[in-house]
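Letter by letter, the chains look like this.
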Amino acid sequence: MDKIAAPRGTADLFPPESARWQALEESVHRIARRFGYGEIRTPTFESTELFVRGVGETTDIVEKEMYTFADKGQRSLTLRPEWTAPVVRAVLEHNLLAQGPQRLYYIGPIFRYERPQAGRYREAHQFGIECFGFAGPEADVETIALAHEVLRAHGLGVTVAINSIGDATCRPRYREALFAHFAPHRDALSPDSQRRLDRNPLRILDSKAPEDRALVASAPTMLDVLCEPCAAHFARVREMLGAIGVAYRVDPSIVRGLDYYTRTVFEFISDDLGAQSTVCAGGRYDGLVAELGGPPTPGVGFAMGLERFLMILAKRGVGASAERRGIAVVALGEDARRRVVPLVAALRRAHGDLPVTIDYGDGKIAAQFKKADRANARAAVIVGDDEVRGGSVVVRDLATRVQESLAATSDDATADAVLHWYAALPAAADAAA
RNA sequence: GUGACUGUAGCUCAGUUGGUUAGAGCGCUGGACUGUGACUCCGGAGGUCGCGGGUUCGAGCCCCGUCAGUCACCCCA
C-alpha cells in the first residue's frame, strides 16, 4: 500500500467531531477569561536546552519522549512536549514579571514520542494555566477552582485529589525516610520499584504492582514529614477548598513526574479513561522560574488533556444532540441555480449567524431534501421554474413539513422576508412534538 | 522500549477443515413517484482482503517480516 497515512499516534479531525472540539475550546476560553487569565501562545518548537533544564534531565519526557531534531543551522530544537517551561521562558524573555503577577492560559498541541494507547497520543492537546507571583495558598486554590469549573461546566461532578510534596527543606528528608523504609525490603519489591528506589523513591508510592502494595501502605507519608511552613500552606489550601465548595480528597500517593513541582500537587481523575485516568494535573512550582534564569518567583498551574476530556464527554454522551438550525437552499435546474446564487449571498450577508447551505449538484428535489435533513437544517428555501416565473420562493419548515410561498423581489428584500419567516418558526423541540 | 489482541467496501461486520467470479446490513447513487425528506420495491457504483515475502496445484484463511489500530506495562494530560 503506497497511500500515505497520518503518522503513528496522530489523528485527523473533521465534522462532526471537530464541532465538539470547537465547543470545548470556546468554553475553555470563556472560563479562563472569567478568572482574569489572558491567553499566551508560544512557538511549537523550542531550544532543546529549555526542556532539559526546565523539565528535568532524568525525567522520562527528556530521556526518551522528545521529538528532537537539528535544523539547517545545526541548532538542536524540540517539539514542545509540555507547556510550562515555554511559558516561563516567554515570560522571562519579555520581562512580564516586571509588571507584577501574571495570569496566563494556553491551549494547543504537545508532542511526545510514546506508544499510543487509550488517552495517549504522540500529538495531544492541552489546555492549562500558569499563575506567577503569588506564594500564598489562595493561588493554589484559584488554580484548582478554575480546572474544577471547566469540568463542572461540562456536567462532570468531580473530586480533586491533592497532596503536598514539600519543598527544598522537607522533601529531601522525605526521600531519606522512604529509602530507609523500602531499602531493607529491596528484594521483595517489583523490579520496577527496585529501580525507582535508587532513582526516585517517591515513584514507588504510585506503583501498580501487587507485590509492592503492602510496603507502600505501611510507608511514611509526606504529610508526616512536612516542614512547618509547608504544613501550614497545605492546611490553608484544604481550608479554602472547603470554603469555596470544591470537593477534595487527600491522596498521599500523588507525586507527579516532573522535577519542578513543590508543595501542592493535584490531579483530577476519571473512571472513564482506562489506565490513563488523569484528565487534569498540576501543582505549585516555586523553584522553576529561578531555575530558568529568572528572579525567584512562585508559580502554580495545571495542564488538562483535551483528548481525555473529550473521551469522558463522549462516554457520557454529553452534548451529543445537535439542534436543527440554518437554511438549505434548494434550486431545481440550472437556470434556478444560477438565479439563486445572489440570494444565497444575500442570506449569508443578512444574518452572520445562521448556516446557509446550497447543493450545486443536479440532484432531484427528493435527494436535496434528504441532504438538507441529514445536515440538520431547520428550513429549506426552494426555487424552481415555477418560482422563477412567478417571482416567488417557497419556504419550508423541515421540522414540521409546513411550507408557504413568499414573494421574491430584490435579493436583499427576499432574504429579509425569508429570515423574518425563519425567526417566527416555533422552537424546534416543540415542532418535533 | 516490553507484552497481548486485531487489520476484508465510506461505516459495522460475515467469510466453514485452505478450493471457482469475496458477501450482508447501513450509507451513497439511479428508478418506481418527470417538484418534496419517512416507508416499501427494483437496479447501480464501490474491494490490489493493510503491505511485502514464504508454504501450497491453489491463500482472505497457514508461516515469517513490516506498517497501522486497540489494550496493558513503563510513564504521563
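Residues numbered from 1 in each chain as written. Chains lettered and ligands numbered in written order. Predicted model: local features only at pLDDT ≥ 70, side-chain atom pairs only at ≥ 80, totals over all residues. Heavy atoms only, no water.

### Focus: the side chain of N163
If you trace the backbone, N163 turns up in strand β7 (residues 160-164). On the basis of relative accessibility, which here comes to 1%, the residue N163 falls in the buried class. Not counting residues within four places of it along the chain, the set of residues in contact with N163 comprises L223, F234, D251, P252, I254, R263, T264 and V265. (Helix = DSSP H or I, 4+ residues; strand = E, 2+ residues; numbered from the N terminus. Buried < 20%, exposed > 50% of the residue type's maximum accessible area, 1.4 Å probe, protein only. Contact = heavy atoms within 4.5 Å.)

### Side note on the sheet that holds strand β2 (residues 45-47)
Pairing within the open sheet is antiparallel, and its 3 strands lie in the order β2-β4-β3. In this open sheet, the two strands that pair with only one neighbour each are β2 and β3 (68-70). On average, adjacent strands in this sheet sit at an angle of 35° to one another, irrespective of strand direction. Bridge analysis of β3 against strand β4 (residues 76-79) gives 3 bridges, and the strand direction is antiparallel. Its bridge partner lying in β4, F69 is registered against L77. Along the sheet face, helix α2 (residues 48-55) touches β2, β3 and β4 and points at about 75° away from the line of β2. (Pairing = 2+ DSSP bridges. Axes fitted to C-alpha atoms, helices over the stretch in contact; angles between N-to-C directions.)

### A few points about the packing of helix α13 (residues 333-350) against helix α16 (residues 411-423)
It is the contact of α13 with α16, at a shortest axis distance of 8 Å, that shows an interaxial angle of 60°. Put simply, α13 runs oblique to α16. As for the relative orientation of α13 and α16, their crossing is right-handed in sense. Counting all contacts with α13, which are made through P342, L343, A346, L347, R349 and A350, the residues of α16 involved are D411, D412, T414, A415, D416, V418 and L419. Considering only residue class, the contact of α13 with α16 consists of 8 nonpolar, 1 polar and 4 charged. (Parallel < 35°, antiparallel > 145°, perpendicular 65-115°, else oblique. Left-handed = near helix turned anticlockwise from the far one by under 90°. Nonpolar A, V, L, I, M, F, W, Y, C, P; charged D, E, K, R; others polar.)

### What about the domain arrangement of chain A?
On domain assignment, one finds that chain A holds domain 1 (17-170 + 226-316) and domain 2 (327-425 + 427-431). Its C-alpha centre places domain 1 at a distance of 48 Å from the equivalent point of domain 2. (Domains from an automatic or database assignment.)

### Re the protein's contact with RNA strand B
In the neighbourhood of RNA strand B, 53 residues make up the surrounding shell, with R120, R196, D373, R374 and L398 lying closest. Backbone atoms, meaning sugar and phosphate, make up 55% of the atoms of RNA strand B lying within 4 Å of the protein. A distance of 2.9 Å separates a phosphate oxygen of RNA strand B from a polar side-chain atom of R8. At 2.8 Å from a base nitrogen of RNA strand B is found a side-chain nitrogen or oxygen belonging to E387. Of all elements in the fold, only β6 (123-132), α7 (191-199), β10 (278-284), β11 (299-305), α14 (365-374), α15 (385-390) and β15 (392-397) reach the threshold of two or more residues within the surface near RNA strand B. Take the surface near RNA strand B: its biggest share by element is 7 residues, from α14. Residue composition of the surface near RNA strand B, by class: 17 nonpolar, 11 polar and 25 charged. (Near = heavy atom within 4 Å. Polar contact = N/O pair within 3.5 Å; in protein donor to acceptor, adjacent residues only side chain to side chain.)

### Things to note about the environment of A153
For A153, the location among the structural elements is in helix α5 (residues 137-153). Along the chain, A153 and A417 lie 264 residues apart, while their C-alpha atoms are 38 Å from each other.

### Comments concerning the pairing of β15
Within β15, 6 of the 6 residues are buried, which leaves it mostly tucked inside the rest of the structure. Side chains S392, V394 and R396 project from β15 onto one buried face, and the interleaved V393, V395 and D397 project onto a second face that is buried too. When strand β14 (residues 379-383) meets β15, the two strands line up antiparallel, connected through 4 bridges. Counterpart to I382 in the pairing with β15 is V394. Where β15 lies against strand β16 (residues 402-407), 6 bridges are found, and the strand directions are antiparallel. Note that in β16 the partner of R396 across the bridge is Q403. The turn linking β15 back onto β16 is made up of 4 residues, and R401 within it adopts a positive phi angle of 65°.

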